[in-house]
Amino acid sequence: MKKIYFKDLENYFDKEIEISGFVENIRNIKWVQFLVLRDSTGKVQVTIEKSDENNAEMVELVNNLTIESTIKVTGTLKKNENVRLRGMEFIPTKIEVTSESDAELPINIHDKDAQLLDQRLDYRWLDLRNEYNFNIFKIQSDMTRFMREFMYSKDFTEIHTPKLIGAASESGSEVFEVKYFDRKAYLAQSPQFYKQMAIASGYDKVFEVAPVFRAENSNTSRHTTEFTGFDVEFAYIDSYQDVMDFEEELLTYTLEKLHDKYNDLVKKLYNEEIVVPKNKFPRIKLSDLYDELEKRYDYKVEESEKNDLTTEGEKLAYRYAMDEFNSEFIFVTDFPKDKRAFYHMRKDDIPEGYDLIYKGVEITTGAEREHRYDVLVKQAKEKGLDKDVEFYLEFFKYGCPPHGGFGLGIDRLTMLILGISIKEAMLLFRGPNRLNP
Ligand code: AMO
């Protein structure tokens, strides 16, 4: 059987067909029964005349039908201008229940705000039946598709690197330990080392879209213990400015495509506007940013805090970017080396890297990498990481071109585009207190 999707129903007027979907609504009145059926693409009304003797069996079935059951209906689709839902109705000759729902739903799926978000997440598969939640992942799917599309158009190779790793990577902290037969393994906190290995293998341009694990015990609106990383790495760059240029192009392309397809829906459902960047994203050094924030908004931070961007600083950086450049994005560069990973290339002792802030939240860290073996070894040692990263250092012993890249959080990007929380922006949120469903 070939399922007919409801978005295509206009092609089937006056033909006998079979349709299937969830029963979203049942109205049982004196002379007639109305059902609203829903599939992933739309809705349609099914109308059953009670007075027609041939319908007796169906009428009885509908009397006992529960909403959110799934049914298969045979019949004919008719035009009917009086029907508010699409000006059409399906006149059935046979109804079959393919899956019966319990009469009582544990959450209110039509009014998502009728309960707390965490209660909804306990029943995520029902929660997602709500139009607002459902469309988040339709949009996210296209978002990553457009991003992939861009990467392929630039001749990048998509890679898949292991998430089970033998040594705690990057910094050693924030790593989940797992039992691996008779020894320990760790869940990858980034594909960083392996995307760079691919560069050392000669692939030149690679990317990966995959899970990233962080053992961070933080309950904020932007942190999760497992998220989807969009990781990019490419060779023969002249500086980390090339990496920023590339990311800017990727995001502009993606937002343009998303705007064309979804801006109306996003306005209607999430009350947000998808803004396509018109100009280059502003770039500012961290210390200059703090000077600007103090001058403009009287934002003062302790000198000791100025070596990193505070949460409030990120928010104000957005305000500054909007006020000065009418840009939702801003690149912040020149973080001090003790706040950046050992593998960032340094020039005059300053890491050649950046954070990208979008609507006041960090969505990316990027950098030119240190590809010179001796310098890299020295920088790893400086951070006390030489033993754990020995296998990684080997990648740079036998020739590796200059390269750079970035890691972008898909969940944060979704959250910011739609103006929702990180818990809503993930199909299944993972946090310190949530491992189910
Ligand atoms: P970083 O640790 O900054 O960099 O991570 C890159 C991006 O991933 C997202 N992100 C998170 N999203 C949700 N919850 C979290 N706990 C979380 N932590 C990070 C953010 C962040 O900007 N290897 C480097 C990237 C690189 O240099 O290529 C890295 O992992 O959007």
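Use the structure listed above.
Residues numbered from 1 in each chain as written. Predicted model: local features only at pLDDT ≥ 70, side-chain atom pairs only at ≥ 80, totals over all residues. Heavy atoms only, no water.

1. Observations concerning the sheet that holds strand E11 (residues 226–235)
Taken together, eight strands build an open sheet; the order of strands is E6-E10-E11-E18-E17-E16-E13-E12 and the sheet is mixed. Here the strands that pair on one side only, and so sit at the sheet edges, are strand E6 (157–158) and strand E12 (283–285). Both strand E13 (residues 329–333) and strand E16 (residues 353–358) contribute to a ladder of five bridges, which runs antiparallel. Bridge pairing links phenylalanine 329 to tyrosine 358 in E16. Its contacts with the sheet put helix H5 (residues 192–200) on strand E10 (205–213), E11 and strand E18 (403–409), and the angle it makes with E11 is roughly 25 degrees. Strands in contact with helix H11 (residues 410–418) are E11, E16, strand E17 (361–368) and E18; relative to E17, the strand with the most contacts, it is inclined by about 135 degrees. (Pairing = 2+ DSSP bridges. Helix = DSSP H or I, 4+ residues; strand = E, 2+ residues; numbered from the N terminus. Contact = heavy atoms within 4.5 Å. Axes fitted to C-alpha atoms, helices over the stretch in contact; angles between N-to-C directions.)

2. A short note on the packing of helix H6 (residues 240–270) against H11
Between H6 and H11, the least distance of the axes is 10 Å, while the angle of their chain directions is 50 degrees. On the basis of their axis angle, the class for H6 and H11 is oblique. Between H6 and H11, the contacting residues are Leu251, Leu255, Leu258, Val266 and Tyr270 on the first element and Leu413, Ile417 and Leu418 on the second. Of the residues contributing to the contact of H6 with H11, the split by class is eight nonpolar, no polar and no charged. (Parallel < 35°, antiparallel > 145°, perpendicular 65-115°, else oblique. Nonpolar A, V, L, I, M, F, W, Y, C, P; charged D, E, K, R; others polar.)

3. A closer look at the sheet that holds strand E7 (residues 164–165)
In spatial order, the strands read E7-E9-E8; together these three strands make up an open sheet with antiparallel pairing. Of all strands in the sheet, those bounded by a partner on one side alone are E7 and strand E8 (177–180). Here E7 runs beside strand E9 (residues 183–187); their pairing, made up of two bridges, is antiparallel. What sits directly across from leucine 164, in E9, is leucine 187.

4. What about the side chain of glutamate 247?
Structurally, glutamate 247 is set in helix H6. For the buried residue glutamate 247, which engages in no salt bridge, the nearest side chain bearing the opposite charge is arginine 283, 9.1 Å off. (Buried < 20%, exposed > 50% of the residue type's maximum accessible area, 1.4 Å probe, protein only. Lys, Arg positive; Asp, Glu negative; His and termini not counted. Salt bridge = Lys/Arg side-chain N within 4 Å of Asp/Glu carboxyl O.)

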